[in-house]
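# Architecture and fold: a report
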There are 2 protein chains.
Amino acid sequence: MALLSFLTPVLAVILCLVVGFMLVKSQKTEANSTAKGKNKRASKSDFRPWVDQDLQDDTEITTGGRDDDEWVDSNEEEDLAHVPYSPPCYCEETMLQRSKSFYILMNQRRSVRFISPAPVPREVIDHVILTAGTAPSGAHTEPWTFVVVSDPETKHQIRLIVEEEEEMNYRQRMGDKWVQDLAKLRTNWIKEYLDVAPYLILIFKQTYGILPNGKKRTHYYNEISVSISCGILLAALQNVGLVTVTTTPLNCGPQLRLLLKRPANEKLLMLLPVGYPASDATVPDLKRKQLDDIIVHI
Amino acid sequence: MALLSFLTPVLAVILCLVVGFMLVKSQKTEANSTAKGKNKRASKSDFRPWVDQDLQDDTEITTGGRDDDEWVDSNEEEDLAHVPYSPPCYCEETMLQRSKSFYILMNQRRSVRFISPAPVPREVIDHVILTAGTAPSGAHTEPWTFVVVSDPETKHQIRLIVEEEEEMNYRQRMGDKWVQDLAKLRTNWIKEYLDVAPYLILIFKQTYGILPNGKKRTHYYNEISVSISCGILLAALQNVGLVTVTTTPLNCGPQLRLLLKRPANEKLLMLLPVGYPASDATVPDLKRKQLDDIIVHI
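Residues numbered from 1 in each chain as written. Chains lettered and ligands numbered in written order. Predicted model: local features only at pLDDT ≥ 70, side-chain atom pairs only at ≥ 80, totals over all residues. Heavy atoms only, no water.

## Regarding the overall build of chain A
Under the convention used in this document: Helix and strand assignments come from DSSP, with helices taken as H or I runs of at least 4 residues and strands as E runs of at least 2, each series counted from the N terminus. Each residue gets one of three labels from its accessible area relative to the maximum for its type: buried under 20%, exposed over 50%, partly exposed in between, using a 1.4 Å probe on protein chains only. The Shrake-Rupley method, run with a 1.4 Å probe sphere, supplies the accessible areas, and residue values consider only the shown protein chains as cover.
Across its full length, chain A carries 11 helices and 8 strands. Buried positions account for 55% of the 298 residues belonging to chain A. Accessible surface for chain A amounts to roughly 13600 Å². Of this, 58% is attributable to carbon and sulfur atoms.

## Points about the packing of helix 9 (residues 222–239) of chain A against helix 3 (residues 92–107) of chain B
The condition that has to hold: Think of each axis as a best-fit line through the C-alpha atoms, taken over the contacting stretch in the case of a helix, with angles from 0 to 180 degrees between the N-to-C directions. Helix crossings get a hand from a simple test, with the near helix turned counterclockwise from the far one by less than a right angle marking a left-handed crossing and a clockwise turn marking a right-handed one. In what follows, a contact means two residues having at least one pair of non-hydrogen atoms within 4.5 Å. Gly is placed with the polar residues, together with every amino acid not listed as nonpolar (Ala, Val, Leu, Ile, Met, Phe, Trp, Tyr, Cys and Pro) or charged (Asp, Glu, Lys and Arg).
Relative to each other, helix 9 of chain A and helix 3 of chain B sit at 145°, their axes nearing to 9 Å. The crossing of helix 9 of chain A and helix 3 of chain B is right-handed. Residues I232(A), A235(A), A236(A) and N239(A) of helix 9 of chain A lie in contact with helix 3 of chain B, whose contacting residues are R98(B), S99(B) and F102(B). When its residues are assigned to classes, the contact of helix 9 of chain A with helix 3 of chain B shows 4 nonpolar, 2 polar and 1 charged.

## Notes on the side chain of R109(A)
Cut-off, in case you're wondering: Note on charges: Lys and Arg go in the positive column, Asp and Glu in the negative column, and His and the chain ends are not counted at all. For salt bridges, the criterion is a side-chain nitrogen of Lys or Arg within 4 Å of an Asp or Glu carboxyl oxygen.
Mapped onto the elements of the fold, R109(A) is located in the loop between helix 4 (92–107) and helix 5 (122–132). Buried within the structure, R109(A) lacks any salt-bridge partner; its nearest side chain of opposite charge belongs to E142(B), at an N-O separation of 8.9 Å. Setting aside residues up to four positions removed in sequence, R109(A) forms contacts with L234(A), Q238(A), R288(A), Y85(B), T134(B), A135(B) and P136(B).

## Topic: the sheet that holds strand 3 (residues 199–206) of chain B
Here is the rule: Between any two strands, pairing holds if DSSP finds at least two bridges.
Across the sheet, which stays open at both edges, the 4 strands sit in the order 8(A)-2(B)-3(B)-6(B) with mixed pairing between neighbours. Each edge of the open sheet is held by one strand with a lone partner, namely strand 8 (295–297) of chain A together with strand 6 (266–274) of chain B. Put simply, the sheet's adjacent strands are angled 20° from each other on average, direction ignored. Taken together, the 6 bridges between strand 2 (residues 144–149) of chain B and strand 3 of chain B define a ladder with antiparallel strand orientation. Considered in strand 3 of chain B, the bridge of F146(B) is made with I203(B).

## Things to note about the pattern of salt bridges
Residue and element names in this part refer to chain A. Overall, the coordinates contain 12 salt bridges over all chains when judged by the stated rule. Here K191 makes a salt bridge to E166, at a shortest N to O gap of 3.6 Å. With K191 in the loop between helix 7 (182–189) and helix 8 (193–196) and E166 in helix 6 (residues 152–177), this residue pair connects regions lying 25 residues apart in the sequence. Residue K191 is classed as buried on the basis of its relative accessible area, which comes to 0%. Residue E166 is classed as buried on the basis of its relative accessible area, which comes to 1%.

## Describing the packing of aromatic side chains
Here is the rule we go by: Two rings from Phe, Tyr or Trp (for Trp, the six-membered ring) form a pair when their centres sit within 6.5 Å of each other. Planes less than 30 degrees apart are called stacked, planes more than 60 degrees apart edge-to-face, and all others tilted. For a Lys NZ or an Arg CZ to count as sitting over a ring, it must be within 6 Å of the ring centre and within 35 degrees of the ring normal.
Scanning the model with the defined rule gives 1 aromatic pair over all chains in all. When the ring centre of Y208(A) is taken as reference, the NZ or CZ atom of K216(A) above it lies at 4.3 Å.

What follows is the structure, given as structure tokens:
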């Protein structure tokens, strides 16, 4: 009996330790299954810090390695001659003037849904795309494809695909919020400009490339690179007086990729209808943030 | 004594329960912190197809919903007056001329690592940032903060943080590939321009905003929006004759965010050293893809 009363606390402690251990283990398993991708990445970064937690895009990590943060593959660069670089240099007064007038020009840019069917010279579009192609890109991979659609039948097919998905999105929203004004909502999923605009520019990011030996080449930061390129494209359009509206059609990527016969490594990032603004075009009276709201000087 | 021998197992059980509870709790906290945003997204997208598989960025899905692909929140827009929009319109010849000269200007842009310490008027930088702020953004959230660092001490702190991480990256690579030329490699993690350039522009994306009621507001497509803004910023820098190199410092985001005292909703997207090119600046002799390699006409 004395032995038993001595053993009881010991047994209780052992029992508790076992239960506690099992609980902790089940928590760990749960954590593993919910943290999946994140976890994989974390365990990868244990031995190689490819992926900045603050800088995740959906770059597919495949073969090869990215060791440089400067967006140029230093292996390739070692084989390249370096050449002197002396771009145009302006005096301070001219710089100030140029910085002001470019700001004024860009500040006039607005997203415009009312696009004129008037034809636009194709050579202008070619120059705009060439300009977009001057963007920097991770390891100089230039991971972009600009599909310029002017064929009316293809434009219409694109419209059907986009509107079908949009209608589904709106109907689901209506299910949540109840229907108040059907007609009003309806205008939101009708994208007339997809038929009307003389050009639709569909911008695809190449998530990987194919090396001469058939292996995949990782395109690091492809989404950021192509988005930067889109920024330069928007500037180039504004510079020639053309308008667009930045759209990222939800869920339409795969269908549009098949319609336009793009390969599997390309994914749709953006769809821009491009043309002159319609003569009666309007835009919502949005304001932009002030300089003090977006800049911090240190 | 009998009471004591009876109480001992009870106390042991209580003690074990407390210890076990604490262990489980610490595991849970750990699991939460590793599975963060990923987890939220997965559970939300189960009942609502917000997230285009082709268009994932690391937008945190929180309150509210994104139903529109046009980057303007239609709820807000309904309250806004529409105003006529008539931007400058150029004749075809002028358009062609403008598209060509802008392409020539932008095509001269190169990533430059050799930056002159010569001072640059702050007003020029302000205009460049204002220009970047004209970019479109998902639901007009303008989710960007531009931290412009000219203080030498802060620039040096940034350099120390970036170089420490870079050195680790390179040393790990050396472990893989064996050391062939230490001196050559060394130059790759030394970032002199971080001290030398008159300005460092650190671009943060705001992954969410704070509503007046204290709740989080989702910033849809914040990474794409801020990258587009960076594209316009690069164009604005080129337009005034300043140079930079696009860098995305690996793993340095959290440290730099703390150094610059940015709030938790801001994550570093890019770091741009900005100035005039050094008089002896060189660039690798890279070529860009031809138009036919990046454009598809349909």
